[in-house]
Amino acid sequence: MRDAAREYRRRTPQSEKLFQRAKKVMPGGVCHNIRYFPPYPFYIKEAKGSRIRDVDGNEYIDLWMAHYEAILGHSPEVIVNELSGILSKGTHWGLVNEYQVELAELICQVVPSAEKVRFCCSGTEATMYAVRLARAFPGRNVMLKVAGGWHGANTDLSIAIHSPYEQKESAGLFPEVSQYTKFISFNDIEGSLKIMRQNAENLAAVLIEPVPGQGYIPAELGYLKVLREETRKLEAVLIFDEVIDGFRLSLGGAQEKYGIIPDLTTLGKILGGGMHIGAVVGKEDILDLCNPTKKDPKWVLTGGGTFSANPLSMAAGIKMITYLRENADLIYPRLNRNGERIRREIEKVFNESGVLARCSGDGSLFGLNFPFKEGVKLRSPRDMEELTDLERRNNELKLR
């Protein structure tokens, strides 16, 4: 490992210099914690297709793909050409535009749960607004999320992200947050039902990511069916966070692939075609709580942000979803085959080297874990944190 670290430093002197500058003006030298790794991150100069090149001229095959946003690879021509043509018309208008209408129409056509759409600027904002709408609709307060689920850093959801889940994830949160946002165990039908029923009188919603980004361990179909049935019985809202899953597991996302339709869905990443974007979509009667022309007694303040429905994001999104739609029969079978292959081959390489490894995921999503012993079945983010060697996993992914 030390030899690898020395070689890394030898090959990345310009990145090291940039990191030293960055530390002086940004906390830890970064603006997204996951982008830091020791001894310092390498700095990107350009990206095309599956390759990225750093400021020192080193080229890498990119399996990270811009936080899983770049489903067509970096700088796809269909998007770049569209944006080049729009830039001369303006970068941001701050007013409504035709592009947002067309993109919203496309979303309603391909995402099963989408009857109405509200755009914002990020996945974090989308989940924040989804929580607000979900609490207002039934007039209740308790949100249930999955232990180990990450839904952006908004206040209402910044709990139960890492084990031990009873601890606060951050300073600066009101103590009341944990009173009204509680957690359930992923893929645990009996345990989840118990907590839902204990909170039935004040249960606003259940929020779940069908394939959680913490390990990419897919939800079991029976578990999703139970959540759908029970939220209906309790008159609570079911929310799917498909910021990652949306347009990746299928054109209609996880909800189309698994056949479970939520009341609200949050979208981002792929939807923006490489530009910043977020969206809350779902049932018309829930989304209309933020309709400024109706002023419902339960009216929900949903700002969207200065750059919401930015023409560049909307136009890139239109091109992206249109391209995926027109080529779905080629794209998704190929992604699924490649995803299955990479999961199988990664496990094979480690296991043949005497390292116990398990690669989980669905479609083109995959996560690598190192169980402490044979026979361990990983069914949840909690299992990943408590039954696998996280330090070893991190060492395999980083140069120390």
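Because the structure is predicted, anything quoted here is derived from the model rather than measured.

Q: Just checking my understanding: could you explain the sheet that holds strand 1 (residues 44–48) for this structure?
A: Reading across the sheet, the 3 strands line up as 1-2-3 and stay open at both edges, with antiparallel pairing between neighbours. Only two strands of the sheet have a single neighbouring strand rather than two, namely strand 1 and strand 3 (59–61). On average, adjacent strands in this sheet sit at an angle of 25 degrees to one another, irrespective of strand direction. Taken together, the 4 bridges between strand 1 and strand 2 (residues 51–54) define a ladder with antiparallel strand orientation. Among the inter-strand pairings, I44 is bridged to a residue of strand 2, identified as D54.

Q: Looking at this structure, how should I read the pattern of salt bridges?
A: Side-chain pairs of opposite charge can arise where the charged atoms are in close proximity. Scanning the model with the defined rule gives 20 salt bridges in all. Between R9 and E16 there is a salt bridge; the shortest N-O distance is 2.9 Å. A relative accessible area of 37% means that R9 is categorised as partly exposed. Assessed through its relative accessible area of 25%, E16 is described here as partly exposed. Between E230 and R197 there is a salt bridge, with the nearest N and O atoms lying 3.0 Å from each other. With E230 in helix 9 (residues 221–233) and R197 in helix 8 (residues 189–198), this pair connects stretches of sequence that are 33 residues apart. Overall, E230 belongs to the buried group, its relative accessible area being 5%. Looking at R197, the relative accessible area reads 48%, which means it is partly exposed. Put simply, E46, R51, R53 and E59 are held in one network by salt bridges that share partners.

Q: Please clarify how the environment of I318 should be interpreted in this entry.
A: One can find I318 in helix 12 (residues 311–326). For I318, a relative accessible area of 9% puts it in the buried group. For I318, the residues in contact, after removing those within four places along its chain, are Y99, E102, L103 and L106.

Q: When you look at the environment of S158 in this model, what are you seeing that I'm missing?
A: The topology assignment puts S158 in the loop between strand 5 (142–146) and helix 7 (177–180). Through-space distance from the C-alpha of S158 to that of S178 is 9.2 Å; in sequence the pair is 20 residues apart. Setting aside chain neighbours within four positions, we find S158 in contact with G152, A153, E169 and L173. Polar contacts involving the side chain of S158 include one to the main-chain carbonyl oxygen of A153, which spans 3.4 Å.

Basis of the calculations
- Residues numbered from 1 in each chain as written.
- Predicted model: local features only at pLDDT ≥ 70, side-chain atom pairs only at ≥ 80, totals over all residues.
- Heavy atoms only, no water.
- Pairing = 2+ DSSP bridges.
- Helix = DSSP H or I, 4+ residues; strand = E, 2+ residues; numbered from the N terminus.
- Axes fitted to C-alpha atoms, helices over the stretch in contact; angles between N-to-C directions.
- Salt bridge = Lys/Arg side-chain N within 4 Å of Asp/Glu carboxyl O.
- Buried < 20%, exposed > 50% of the residue type's maximum accessible area, 1.4 Å probe, protein only.
- Contact = heavy atoms within 4.5 Å.
- Polar contact = N/O pair within 3.5 Å; in protein donor to acceptor, adjacent residues only side chain to side chain.

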